[in-house]
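Examination of the molecular architecture
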Amino acid sequence: MRALFPSARADLSPKRLIWRETITPTPLSRCYPVRITYRIGRFPDVRVLGPALEGRPGESIPHLFSNGTLCLHLENEWSSDMLVVHTTVPWTSEWLLNYEIWLATGTWYGGGEWPPRRQANSTPLPNIARSRRRRANRRRPG
Amino acid sequence: MQDNLLTTDRNQQLDDLLGTSIAEFDIPDAVYARAIARYDHLAHWLAGYWPDSRAGGEVYTQGSVRLGTMTRPINPRDEYDLDLVCRRDLLDTSTTKQGLKADVGLGLAEYVTTGPDGAPKRHEGNRCWTLEYPGEPFHMDVLPALPDIEAMPNGILLTDRDLREWQRSNPVDYATWFRGRMVAELTTLREASAVAKRMDVEDVPEWQVKTTLQRTVQALKRHRDLYFADAPKDRPPSIIVTTLAAMAYRGDGSLFEVLVDIVEDMPSFIEQCDGILWIPNPVQPRENFADRWRNHPDRAQRFFDWIERAQHDFAAIGEERGLDRIVTKLGESFGEDPARRAGERFGTGIKDARDRGLLGISGGSGMLGAVQSRPVPRHTFHGDAARPRGS
């Protein structure tokens, strides 16, 4: 991560990594400071710190959890043996690009499902099952 | 297009969005092919018909169809104009303006009775004849002409609107001049197209490629059509827009740079002669394309107002940050639909690149681009639909 993003700020503790960097998804895009929080046994959380995400008149922002973090993948598409820099970071960049195009066109061209349906065939990963139960369905990864 | 999408160069990506928006104004290939087939048939038929009469003649294209700058009308109910010259090889001393018009009208009437494809109908205009093709989004305006013996081989004499005076024109040499302003890029584009399609350069029709100058002229014409939507009579003629743009073109630069530079420089190519605004025909300098502004100085003023607005609007596209804002600015210049479609193509292009394993990310900025070492893995955007956030 340090090699690819030398200017990023990383705050590492035994059970948690907080990573801050500014992502510019395309040369025509705005710059978005983001914070990625990774807790052992859970999916990485991504929050855009600015500029404030906007909706379109009468429409909710797609692929966003109700707590304001980004929904980037299905449960079975990420596991703790994957590197955040190779998955969460580029997916965040893609999310931001699709968000800008959605603002302009009203259509999300990045694929995925919105509004989402319950995932019938996805199996929670063993190392996150406990934390998911503890969260008692408060949220699902996206 | 995908090469430009996956670039980390701002100008290239801006050109991609801009080029996609402007390409929306092209006449669709299938419509163009039908229109040209109808025109070819007409030209061949008349070429065979005239030798039986007292003089030969020729039908050929002029204006935007010859220059490759046809631009979709802003009102979908309006049709594409294909401007044709119908030159009869007679002397101006051996016919009258009315006689010439009637002579061409007779040839067209005979043609229509042969039942050609498209079942055209002939209508009479002030100084030209129109062939309407029912159900087609185009018509042909056929302008009667004589050879201009003072400007052989391509000069022609046309009747004016009131059929009173002969006017000199030379659409063939004008098109050659216009082509000369962009010939280097035209050659490069045709060569690239030939390589991509594995064919000979000579077999790549010129209309299948569009140079930066042609795209710029289309952009200017679309901006003009929107600006003058409520006052079409005040609209500066396409020949003025095209001539000034081609004069101002320096021969290189990105589409965005050329668009901004040309619209800045166009007014400086308008001359003043004894207080009269003068835009010389580059192949016939005695002809002033701005002649009508003499009797309508308000139209000249509206032209300068429009240019100022276009300068402002085009520059604003490059000043924005955020694809959404850039698309909005493109919409202000060219209309919402082409701008939105450019945004759509951008979005689908990026997803397609990711699905095909061609999308990568740059270190430092997190910028998406062509894959260098590791492609962005497939994934599915999802979410919790119960209480979506945002407004």
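Just so we're clear, the structure is a prediction, and the values are computed from it rather than from any experiment. (Residues numbered from 1 in each chain as written. Chains lettered and ligands numbered in written order. Predicted model: local features only at pLDDT ≥ 70, side-chain atom pairs only at ≥ 80, totals over all residues. Heavy atoms only, no water.)

When its secondary structure is counted, chain A shows two helices and four strands. When the helices and strands of chain A are listed from N to C terminus, the series reads β-β-β-β-α-α. Counting every position in chain A, which comprises 142 residues, the buried fraction comes to 56%. A separation of at least 24 residues holds for 50% of the contacts in chain A among residues at least 6 apart in sequence. For chain A, the computed accessible surface area is about 6,500 Å², with 50% contributed by carbon and sulfur atoms. (Helix = DSSP H or I, 4+ residues; strand = E, 2+ residues; numbered from the N terminus. Buried < 20%, exposed > 50% of the residue type's maximum accessible area, 1.4 Å probe, protein only. Contact = heavy atoms within 4.5 Å. Areas by Shrake-Rupley, 256 points an atom, 1.4 Å probe, with all protein chains shown as cover.)

Once that is clear, we can look at the pattern of salt bridges. According to the stated counting rule, one finds 30 salt bridges over all chains in the structure shown. Via salt bridges that share partners, A:E94, B:K351, B:R354 and B:D355 belong to a single interconnected network. (Salt bridge = Lys/Arg side-chain N within 4 Å of Asp/Glu carboxyl O.)

Residue and element names in this part refer to chain A. By the definition in use, this model includes 19 aromatic pairs over all chains. Taking the centre distance of 6.2 Å and the plane angle of 65° together, the rings of F43 and W78 count as edge-to-face. Of this pair, F43 sits in the loop between β3 (32-39) and β4 (45-48) while W78 sits in the loop between β4 and α1 (88-105), and the two are 35 residues apart along the sequence. With relative accessibility at 5%, the residue F43 sits in the buried group. (Phe/Tyr/Trp six-rings, centres within 6.5 Å; stacked < 30°, edge-to-face > 60°.)

Before going further, it helps to examine the confidence of the model for chain B. In low-pLDDT segments, the atomic positions of the prediction should not be examined closely. Per-chain confidence: chain B averages 91 in pLDDT, with 96% of residues scoring 70 or above. When the criterion is pLDDT under 50, residues 385-391 of chain B qualifies, and its contacts beyond four places in sequence or with other chains add up to 18 contacts. (pLDDT = per-residue confidence, 0-100.)

Residue and element names in this part refer to chain B. There is a patch of nonpolar side chains on the surface, built from L91, I149 and M152 and spanning about 320 Å² of accessible area. For M152, the position within the fold is in the loop between β5 (138-147) and β6 (156-159). Assessed through its relative accessible area of 52%, M152 is described here as exposed. (Patch = residues over 30% accessible without salt bridge, like charges linked within 9 Å, V, L, I, M, F, W, Y side chains within 5 Å.)

With respect to the helices and strands, the residue A:E94 is situated in helix α1. Relative accessible area serves as the criterion here: at 1%, A:E94 is assigned to the buried category. In this structure, A:E94 is in contact with B:R354, B:L359, B:L368, B:V376, B:H379 and B:F381, ignoring residues within four places of it in sequence.

All right, on to the side chain of B:R215 then. Topologically, B:R215 is positioned in helix α8 (residues 212-227). Discounting chain neighbours no more than four positions away, the residues touching B:R215 are B:G19, B:I22, B:A23, B:D26, B:K210 and B:L255.

Right, let's talk about helix α12 (residues 323-334) of chain B for a bit. Over its 12 residues, α12(B) runs 16 Å from end to end, which matches the ideal 16 Å to within 8%, given 1.5 Å per residue. With nine of 12 residues buried, α12(B) is to be regarded as a mostly interior element. The set of residues buried in α12(B) consists of B:L323, B:D324, B:I326, B:V327, B:K329, B:L330, B:G331, B:S333 and B:F334. If you follow the buried residues of α12(B), they end up packed against α1 of chain A together with α2 (10-23), α8, α10 (255-265), α11 (297-319) and α13 (336-355) of chain B. At the C-terminal side of α12(B), B:G335 shows a positive phi close to 105°. (Expected span 1.5 Å × (residues − 1).)

A few words now on the pairing of β4(A). All names here are of chain A. Bridge count between β3 and β4: four bridges; the pairing is antiparallel. Note that in β4 the partner of T37 across the bridge is D45. Linkage of β3 to β4, two consecutive antiparallel strands, is achieved through a turn of five residues, within which G41 is found at a positive phi near 85°. (Pairing = 2+ DSSP bridges.)

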